[in-house]
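Breakdown of the fold
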Amino acid sequence: MNKVNPKKYNSTLYFEEAVEKKGWWQSHRFLILRRLCQITIILLFALPISGVNSVLVSNQEAASPDLTVIVLDNLQNEDDVRKDQTWIMKGTLANSEILSTIPMGDPFVFVQSLAAGNFYTLSGILGVVLVVVLYMIVGGRTYCSFVCPINIVTDAAVWVRRQLKITNQLSLSKRARFYILGIAIIVSMLFQVIAWELINPITGIFRVLVFGGFAITNIAVSLTLVIFIADIIGAANLWCGHLCPVGAFYSLLGKKTLLYISAPKISACDDCMDCYKACPESHVLRPLIQNKETYIAQSITPIVGLSDCTRCGRCIDVCPERVFSYDISTQHSPIKQSKPKAKVS
C-alpha cells in the first residue's frame, strides 16, 4: 500500500487525509463526543432540575453531600454551595451525589483521606466503590479524556503547538506523576490533610466553572493557565502525560478493563503516523507500529496498551484507513487473538 505523501497535507491542520477519505464528522466524532461529555458533566453540576433561584449559602449543614470529612473541610468558610430544590448532580468531582441519592466518590481522594486518618461513612465508601467499578469497566484514564476539565485546556495547548510548529519536548520521565502520587499520599499521612486537594487544579477549576469566581487571582485559574503555557512551551501533554497524579492513579484502574481500543484492520495501515501524532499517550501505540508486520503475518489483532490509554478515540478519528476500533472483551492480554465482540469503527 502506498504511503502518504508528506507534502500533500499541511502539518499545522488536523489530519486532512482522514477528513478527505472519511468526511469531517467521521474524523472528529469522538473528539466532539468528549467535549459534549465534559460540558454536560459541568452543566449537570451547575444547573438544578427545579428551583431557578440559586442562592449561595455558607451554612455547612445545608451543604450536601456530606459524604466525608474532606467535603466539610473543603467547604469550610466558603460560600460556594448552592441551595436549590433538586439537582441532578450535587458536589464536585471529588465527592458528589446523583439526585441526592447515589453517592460518587473519587478513589484518589479516598486513599488520601484514609492516609490522613479520616474515616468514610458507609455511603461514602459505596460512592468510591461505584466509581472504581465504573472505571474498571471503561478504563481508568477514560476519566482523563471524557470527564476532566483540564483535558480541554491541554488539548488546546497541543493545537497551539501545532499551529506554531513548536516541536521541542522537555525530557521528563512518565514515572514523575507516580512520584507525585506517592508524595501526595505521604504528605497526607504526615500532616493529616487531603494533600493533593489543597492544590488540585482539576477540582479547583471545576469548582470555578460550577460555582463561579473566575479571576486570574484565583489559584485554580492561575494553575490552569500555568498548565496551558507549560504544555505549549515545555512539551505536548506535559501535565497529563508526565505530572498529573490523578491520571496516574486512574491508570492503575485501567490494568483490567472491558473497554479498550484495538487495531483489527492493522493490515490496512499505511504508516502515515497520524494516530501517533494525535495520541496524547503515543507510547501506547509504539508496540503496534514496531510489530505491525508480525501481527499481520500471524493474523493477530493487537490492542492498545491498557493502562495509559485514555480511550479518547483520536486514533480512530484521524486514521484514514479505519485501522482502529473500540472493542469490548473480557480478555486483558496486550494481544487479542479473537475477533472483537463489539466495536465502533
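Residues numbered from 1 in each chain as written. Predicted model: local features only at pLDDT ≥ 70, side-chain atom pairs only at ≥ 80, totals over all residues. Heavy atoms only, no water.

**Remarks on the overall build of the chain**
When helices and strands are tallied, the chain shows 16 helices and 12 strands. Here the chain, with 345 residues, has 50% of them falling under the buried criterion. Within the chain, residue pairs in contact and separated by at least 24 positions form 75% of the contacts whose partners lie at least 6 positions apart. (Helix = DSSP H or I, 4+ residues; strand = E, 2+ residues; numbered from the N terminus. Buried < 20%, exposed > 50% of the residue type's maximum accessible area, 1.4 Å probe, protein only. Contact = heavy atoms within 4.5 Å.)

**Remarks on the packing of aromatic side chains**
Inspection of every chain in the model, using the stated rule, returns 9 aromatic pairs. Ring geometry for F30 versus Y326: centroids 5.0 Å apart, planes at 80 degrees, classification edge-to-face. Of this pair, F30 sits in helix α2 (residues 29–46) while Y326 sits in strand β10 (residues 325–328), placing them 296 residues apart in sequence. By the burial criterion, F30 is buried, and Y326 matches it. Between W196 and W239, the ring centres sit 6.3 Å apart and the planes meet at 20 degrees, which makes this aromatic pair stacked. (Phe/Tyr/Trp six-rings, centres within 6.5 Å; stacked < 30°, edge-to-face > 60°.)

**Observations regarding the sheet that holds strand β7 (residues 102–105)**
Taken in spatial order, the 3 strands make up an open sheet running β5-β6-β7, and their pairing is antiparallel. Single-partner strands in this sheet number two, and they are β5 (89–91) and β7. Here the strands of the sheet are splayed against their neighbours by 25 degrees on average, with no regard to which way each runs. Of the strand pairs in this sheet, strand β6 (residues 95–98) and β7 are connected by 4 bridges, and their pairing is antiparallel. Bridge pairing in β7 places S96 opposite M104. (Pairing = 2+ DSSP bridges. Axes fitted to C-alpha atoms, helices over the stretch in contact; angles between N-to-C directions.)

**Section: helix α12 (residues 245–252)**
Burial within α12 is extensive, with 7 of its 8 residues counted as buried. Residues P245, V246, G247, A248, F249, Y250 and S251 constitute the buried set of α12. Residues of α12 that are buried sit in contact with α4 (107–115), α5 (122–138), α6 (142–146), α8 (176–191), α9 (201–211) and α11 (238–243).

**Side note on the side chain of S251**
Looking at the element boundaries, S251 is found in helix α12. For S251, a relative accessible area of 0% gives the class buried. For S251, the side chain forms a polar contact with the main-chain oxygen of A248, separated by 2.5 Å. When near neighbours in sequence (up to four residues on either side) are disregarded, S251 contacts R141, F178, S307 and D308. (Polar contact = N/O pair within 3.5 Å; in protein donor to acceptor, adjacent residues only side chain to side chain.)

**Focus: the nonpolar core**
Soluble globular proteins: nonpolar side chains tend toward being buried together. In this structure, Y143, I202 and V246 are the most contacted members of the largest nonpolar core, which totals 42 residues. Contact partners of Y143, with chain neighbours within four places excluded, come to L93, Y135, C148, I202, V246 and Y250. Counting 21 residues, the second largest nonpolar core, distinct from the first, contains I261, C279, I316 and V323. (Core = buried A, V, L, I, M, F, W, Y, C linked by side-chain atoms within 4.5 Å.)

**So, the packing of α8 against α12**
Running from amino to carboxyl end, α8 crosses α12 at an angle of 95 degrees, the nearest separation of the two axes being 8 Å. Regarding the angle of α8 to α12, the classification is roughly perpendicular. For the pair α8 and α12, contact is made by R177, F178, I180 and L181 and by P245, A248, F249, S251 and L252, respectively. Here the residues of the contact of α8 with α12 are counted per class, giving 7 nonpolar, 1 polar and 1 charged. (Parallel < 35°, antiparallel > 145°, perpendicular 65-115°, else oblique. Nonpolar A, V, L, I, M, F, W, Y, C, P; charged D, E, K, R; others polar.)

**With respect to unusual backbone geometry**
Trans is the prevailing form of peptide bonds, just as negative phi is the prevailing case for residues other than glycine. Although it is not a glycine, N237 sits at a positive phi angle of roughly 55 degrees. When you line up the elements, N237 lands in the loop between α10 (219–233) and α11. Looking at N237, the relative accessible area reads 10%, which means it is buried. Located in the positive-phi region is D271, a residue other than glycine, with phi close to 60 degrees. Its place among the elements puts D271 in the loop between β8 (259–262) and α13 (274–278).

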